[in-house]
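# Coordinates in review
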Amino acid sequence: MKFLKDLFTIEKTPYKGLFALEWAMLAYLLFTSFYIVIASSSLHNMESMLWGRLRVVATTAAVYAVYRMLPCRFTRLVRVVVQMALLSWWYPDIYEMNRILPNLDHVFAQLEQSLFGCQPALLFHQALPWAWFSELMDLGYASYYPMIAFVAFFYFCCRYNEFQRTVFVIMAAFFIYYVVFIFVPVVGPTYYYQAVGLEDIAKGVFPNLQHYFETHQECLPSPGWSDGFFYGLVEDAKAAGERPVAAFPSSHVGISTVLMFLAYRTCNRRLLFCLLPLFVLLCFATVYIQAHYAIDALAGLVTGVIVYFGLQALANRLSIEH
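Residues numbered from 1 in each chain as written. Predicted model: local features only at pLDDT ≥ 70, side-chain atom pairs only at ≥ 80, totals over all residues. Heavy atoms only, no water.

## Digging into the overall build of the chain
Heads up, the rule is: Under the DSSP-based scheme used, a helix requires at least four consecutive residues in state H or I and a strand at least two consecutive residues in state E, with every element numbered from the N terminus. Throughout, the radius of gyration refers to the C-alpha atoms, and the reference size of a globule is 2.2 Å times the residue count to the power 0.38. Summary of the burial criterion: residues with accessible area below 20% of their type's maximum are buried, those above 50% are exposed, and those between are partly exposed, where the area comes from a 1.4 Å probe applied to protein chains only. Contact definition: two residues touch when any of their heavy atoms are within 4.5 Å. Note on areas: Shrake-Rupley, 1.4 Å probe, and residue coverage restricted to the protein chains presented here. In this tally, Lys and Arg are treated as positive and Asp and Glu as negative; His is ignored, and so are the chain termini. Where a charge sits is defined by one atom per residue type, namely NZ (Lys), CZ (Arg), CG (Asp) or CD (Glu).
Each helix and strand in the chain was counted, giving 16 helices and zero strands. Taking 20 Å as the expected radius of gyration for a compact globule of 322 residues, we find that the chain reaches 21 Å, a close match to that expectation. Along the longest, intermediate and shortest principal axes, the C-alpha atoms of the chain span 70 × 50 × 35 Å. A total of 322 residues make up the chain; the buried ones form 51% of that total. Sequence-distant contacts in the chain: of pairs separated by 6 or more residues, those separated by 24 or more amount to 84%. Accessible surface, the chain: about 15,100 Å² in total, of which carbon and sulfur atoms supply 68%. Of the side chains in the chain, 20 bear a positive and 21 a negative charge, and the two mean positions are spaced by 19 Å.

Below, the structure written as structure tokens:
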């Protein structure tokens, strides 16, 4: 009852400006808008991309107005949830900017071959094809967005004074990865292997496909137990919003690494130990289901650490708290 009372209690000193995560979103919006204008002659959907950004601004203004009319924890939460939900719009938008660049998967596949002597994304599921293992991998991959929501909501419920800082770190991390993805055109094994053919990939043949993915979005079905519940969730998610973009570094691994540091920051062992198995499964799952090369996952781990500590330092500098 106290939680519900606090949720709707009108704040005595409402926050007048934009939240830190909203400023992060606007910075990304302005940066990508500038890029769209500069690259307008090469883009396929420039007008719809710019109109989409205006809708994002209008949506942000609307929830800001609701909060100003009824300033309480609930309307603060609404502002945050809206920005997190908009990530589902920002992700496909990356493809529109990225696909005008020549593909680099041949470079990354060759590097993978040089480092490991094989293609882990091709062999991993073949070495461990069992249904139960496949479901574990798909469970890990499918837990990505629930992990994000759970960590954010935990801070909202249990460490409210750090909630704004936490959601800023999460959202700013997403936008950092999105900027990288715009300029690093790597689509990952599921698209590249499909385009080249598994026989050539197994032989170590990695052709330069140039602008192939500018007009092609076909991918391999995820390997594993096709009748599995979590397998179905992963395939449905791919069908709903996946694009040939954003393979290097793995933002799934990177963002999840950020989440693990945020969980550790709470000093709540139950939270940390609940998330840890899912985090481990997710890291391996990115390669098992052929979403990423192994070097993508490793780069996700490294960049996740860098992004987390860099954003915490920025949050300290900006004094982002309640």
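## A short note on the confidence of the model for the chain
Rules: Within a predicted model, pLDDT stands for the predictor's per-residue confidence, ranging from 0 to 100.
Counting all residues, the mean pLDDT for the chain is 95, and 99% of those residues have values of 70 or more. Looking across the chain, the model is least confident in helix H1 (residues 2–8), with a mean pLDDT of 82, and most confident in helix H6 (residues 105–116), with 98.

## Structural notes on a nonpolar patch on the surface
Put simply, the test is: Without a salt bridge and with relative accessible area above 30%, a residue can belong to a patch; like charges are then joined within 9 Å and nonpolar side chains (Val, Leu, Ile, Met, Phe, Trp, Tyr) within 5 Å. One side-chain nitrogen of Lys or Arg within 4 Å of one carboxyl oxygen of Asp or Glu is enough to make a salt bridge.
Residues Leu111, Leu115, Phe116, Leu298, Leu301, Val302 and Ile306 make up a contiguous nonpolar surface patch of roughly 640 Å² in combined accessible area. Looking at the nonpolar patch, the elements that each hand over two or more residues are H6 and helix H16 (294–318). Here the element with the most residues in the nonpolar patch is H16; it accounts for four residues. By the secondary structure assignment, leucine 115 is in helix H6.

## Let's talk about helix H3 (residues 46–69)
Let me state the cut-off plainly: Expected span of a helix: the number of residues minus one, times 1.5 Å.
Spanning 24 residues, H3 covers 35 Å between terminal C-alpha atoms, matching the ideal 34 Å at 1.5 Å per step. At its buried positions, H3 is contacted by helix H2 (20–38), helix H4 (73–85) and helix H5 (87–98).

## Some points on the side chain of serine 251
Here serine 251 lies in helix H14 (residues 251–265). Residue class for serine 251 comes out buried when judged on its relative accessible area of 7%. If we ignore the near neighbours within four places in the chain, the residues touching serine 251 are Tyr144, Tyr177, Phe181 and Ser256.

## Here's the deal with the nonpolar core
Note the threshold: Only buried residues count toward a nonpolar core. Its members are Ala, Val, Leu, Ile, Met, Phe, Trp, Tyr and Cys residues joined through side-chain atoms within 4.5 Å.
In terms of nonpolar packing, the biggest core is built from 101 residues, with Trp90, Phe168, Phe175, Tyr178 and Tyr192 touching the most fellow members. Per-element accounting of this core gives the leading share, 14 residues, to helix H10 (residues 163–183). With residues up to four places along the chain from it excluded, the contact list for phenylalanine 168 reads Ala20, Leu21, Ala24, Leu311, Leu314, Ala315 and Ile320.

## Focus on the environment of glycine 52
Counting through the fold element by element, glycine 52 comes out in helix H3. With relative accessibility at 2%, the residue glycine 52 sits in the buried group. The sequence separation of glycine 52 and tryptophan 89 amounts to 37 residues, and the corresponding C-alpha distance is 8.8 Å.

## What about the pattern of salt bridges?
Tallied over the entire structure, the rule returns seven salt bridges. Close ionic contact of glutamate 22 with arginine 79 constitutes a salt bridge, the shortest N to O distance being 2.5 Å. You can see glutamate 22 sitting in helix H2 and its partner arginine 79 sitting in helix H4, a full 57 residues away along the chain. Assigned by exposure class, glutamate 22 and arginine 79 land together as buried. One salt bridge in this structure joins arginine 265 and glutamate 162, with 2.9 Å as the shortest N-O distance. Highlighted residues: arginine 265 in helix H14 and glutamate 162 in the loop between helix H9 (144–158) and H10, separated in sequence by 103 residues. On the basis of relative accessibility, which here comes to 30%, the residue arginine 265 falls in the partly exposed class. Owing to a relative accessible area of 14%, glutamate 162 belongs among the buried residues under this scheme.

## Concerning the packing of helix H8 (residues 131–142) against H9
The following threshold applies: For helices, the fitted line uses only the C-alpha atoms of the stretch in contact; every axis is such a line through C-alpha atoms, and the angle between N-to-C directions lies from 0 to 180 degrees. The scheme is simple: roughly parallel for angles under 35 degrees, roughly antiparallel for over 145, roughly perpendicular for 65 to 115, oblique for anything else.
At their nearest, the axes of H8 and H9 sit 4 Å apart, and the two run at 45 degrees to each other. Of the possible angle classes, the one that applies to H8 and H9 is oblique. Note on element contacts: H9 touches H8 through Tyr144, Tyr145 and Pro146, opposite Gly140, Tyr141 and Ala142.

## A few points about the side chain of threonine 286
In this structure, threonine 286 sits in helix H15 (residues 269–288). Ignoring any residue separated from it by four or fewer positions in sequence, one finds threonine 286 in contact with Tyr141, Ser250, His252, Val253, Ala291, His292 and Ala297.

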